[in-house]
Amino acid sequence: MASYSIWVLEYSAVENYHKSGIVYGAHNQGFKKLPYCYVVIKGGGHVAMVDVGYNHKDYGKHLGDKFGVTNWHPPRDVLAEVGLKPEDVDTVFVTHAHFDHFGNVEDFPNAHFYIQEREIAKWIWAMSLPERMRWLMTAMDPSDILRGVDLAKEGRLTCVDGAMEEVLPGIDLHPAYDTHTFGCMWVEVRNDGTAQSADRWILAGDLIYDFANLEGDGDAVDVETIYTPVGLAVGSQTNLLLATEEMMKHVDYESRRIIPIHEERLKDTFPSRISDKSLRITEICLADGETTKVGSSTHSSFR
Amino acid sequence: MNERPWINAMEGQARIHRLGCDALKQVPSTAKVTDEAVLAFQTSDELMAYGLAVRPAYELLKRVLGQLSGMMVLIYGSRRQDLSDLEPVVRAGEQLAQAHDHLRALRVPPLVRRHYERMSAVAEQLSHALDLIRCRGVRTDSDKERIHQHLKTARPLLLKASDSRFAMTMTDFSAACCSCGASA
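Residues numbered from 1 in each chain as written. Chains lettered and ligands numbered in written order. Predicted model: local features only at pLDDT ≥ 70, side-chain atom pairs only at ≥ 80, totals over all residues.

Novice: Break down the interface of chain A and chain B for me, with residues and values.
Specialist: Contact residues are listed per partner, giving 43 residues for chain A and 37 residues for chain B. Secondary-structure elements contributing two or more residues to the side of chain A that touches chain B are β1 (5-18), α1 (56-67), α3 (99-102), α4 (117-127), α5 (142-153) and β7 (157-160) of chain A. Top contributing element to the side of chain A that touches chain B by residue count: α5 of chain A, with eight residues. When the residues that make up the side of chain A that touches chain B are grouped by side-chain class, the tally is 25 nonpolar, 11 polar and seven charged. (Contact = placed C-beta atoms within 7 Å. Helix = DSSP H or I, 4+ residues; strand = E, 2+ residues; numbered from the N terminus. Nonpolar A, V, L, I, M, F, W, Y, C, P; charged D, E, K, R; others polar.)

Novice: Describe in detail the pairing of strand β3 (residues 46-50) of chain A, supporting the description with residues and values.
Specialist: Residues and elements named next belong to chain A. Extensive coverage of β3 is indicated by the burial of four of its five residues. Of the pairings in the sheet, the one linking strand β2 (residues 31-43) to β3 comprises five bridges and is antiparallel in character. For Ile41, the partnering residue across the bridge sits in β3 and is Ala48. Joining the antiparallel neighbours β2 and β3 is a turn of two residues, in which Gly44 adopts a positive phi near 60°. Judged from the three bridges that link them, β3 and strand β5 (residues 91-93) form a sheet pairing that is parallel. Its bridge partner being in β5, Met49 is matched across the sheet by Val92. (Buried ≥ 20, exposed ≤ 12 C-beta atoms within 10 Å, placed from the backbone. Pairing = 2+ DSSP bridges.)

Novice: Go over the nonpolar core with me, naming the residues and quoting the values.
Specialist: The biggest cluster of nonpolar side chains holds 136 residues, and the ones touching the most others in it are Val39 and Val92 of chain A together with Leu61, Leu68, Val73 and Leu126 of chain B. A total of 15 residues in this core trace back to one element, the largest contributor, which is helix α2 (residues 45-77) of chain B. Residues in contact with Val73 of chain B, not counting those within four places in the same chain, are Ile120, Ile145, Gly148, Val149, Ala152, Leu157 and Cys159 of chain A. (Core = buried A, V, L, I, M, F, W, Y, C linked by C-beta atoms within 7 Å.)

Novice: Please give an account of the pairing of strand β9 (residues 171-177) of chain A that cites residues and values.
Specialist: Residues and elements named next belong to chain A. Taken across its seven residues, β9 has five buried, putting it largely inside the fold. One ladder, built from two bridges, connects strand β8 (residues 164-168) with β9; its direction is antiparallel. Bridging across to β9, Met164 finds its partner in Leu173. Turn length for the β8-β9 hairpin, with the two strands adjacent in sequence and antiparallel, is two residues, and the turn residue Gly170 shows positive phi of about 80°. Across seven bridges, β9 lies against strand β10 (residues 183-190) in antiparallel orientation. In the strand pairing of β10, Ala176 is matched with Cys184. Hairpin connection, β9 to β10: the antiparallel pair is bridged by five residues, and Asp178 has positive phi, about 50°.

The following block contains the structure:
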């Protein structure tokens, strides 16, 4: 029995992203595609998302010119690939407040948002620091926080203080403080709805960028694989590794059940297709009775 | 040679305002500006000097906008009503005072007068919001609403004042997920 379908939906991409930004210490190892994605979780009468992307109207030209971010499409086009509209989304879990995850809340008028309170509180602190410490404000847009005021005023934003179980049936939130950002969180879907679920999926946000963060080359220390943290962290790589271990414990060390949304190679592990807008739709799992949105795969190997 | 008295040299283009726009309440500059003058100004040392000098004020205003917005998220999302004694409020006050000082000290070429006025308007809106937090402690829904309105007025003005040529952008992308080693 599976309660939820989960899709990873690409909405934009950086075609040539330096590997050292993805894997800590991977200097001079070339470039790879870094897709920008969000996640849709559908089931039990709910449509939830993990993160909402960014608003092209405000950033698009600058991102395109300066960083090679290309092929942005609005949520209406992206969600249509799995038969949904932005208005259908009733819940959004914001893993962290970077612009490319929290930068498009206005496109989801019926959603209730969840974010860690610490993520907001510590950004306030970071913005109060002298200019010489501005690195701590990386990828943070004050406009997004102001849009958060609109949500909070309308009663559509819950600031979560720590872990939160059963936000939706079978869906839990877990904090990972002082990692990629001050108040990151990851989302766990217990897809059979039981407390001791054997069918768990973890949506990792930016705690994991790439499979290499979960299964890095362990040759140097004579083991098959080791955790290797992502490069960008305002917290610490130690905390990233501890968060990785915590996530792995929850899925009984079955690493493919941890979903890194920036990982192009998800297509090698899960069924997927490319839309007519050249965006990839990856199908992580299907709820009972749901029809595939990517082709004829049965997903039998992933249950 | 066209006369374009509404030109904004920081944007390099003319604007037509919609009916009811606040900008129409402002007295327009009487200076007559030619296309050639604007073109020359775009690459002038005078513009470069202004852009570099105004950036610290922009950064401070951006930070204060972010801090006050974050505080309002926490106020709406929690039962806390009085923030006036919090360290971030004190620090935001100091940063805002610095921004005012920067703006007062600027030498403003005529062709960027509108940019300067926008920056000053942002500072004014943020000052109103901060005064409400400091003096009244955000005790009523009316206080919250007034603060929120000041912040909502400030944000588009600051966005309009953004200029990537001078690293005046709302978001610092230099080490962001999208960064390929370039600076924002």
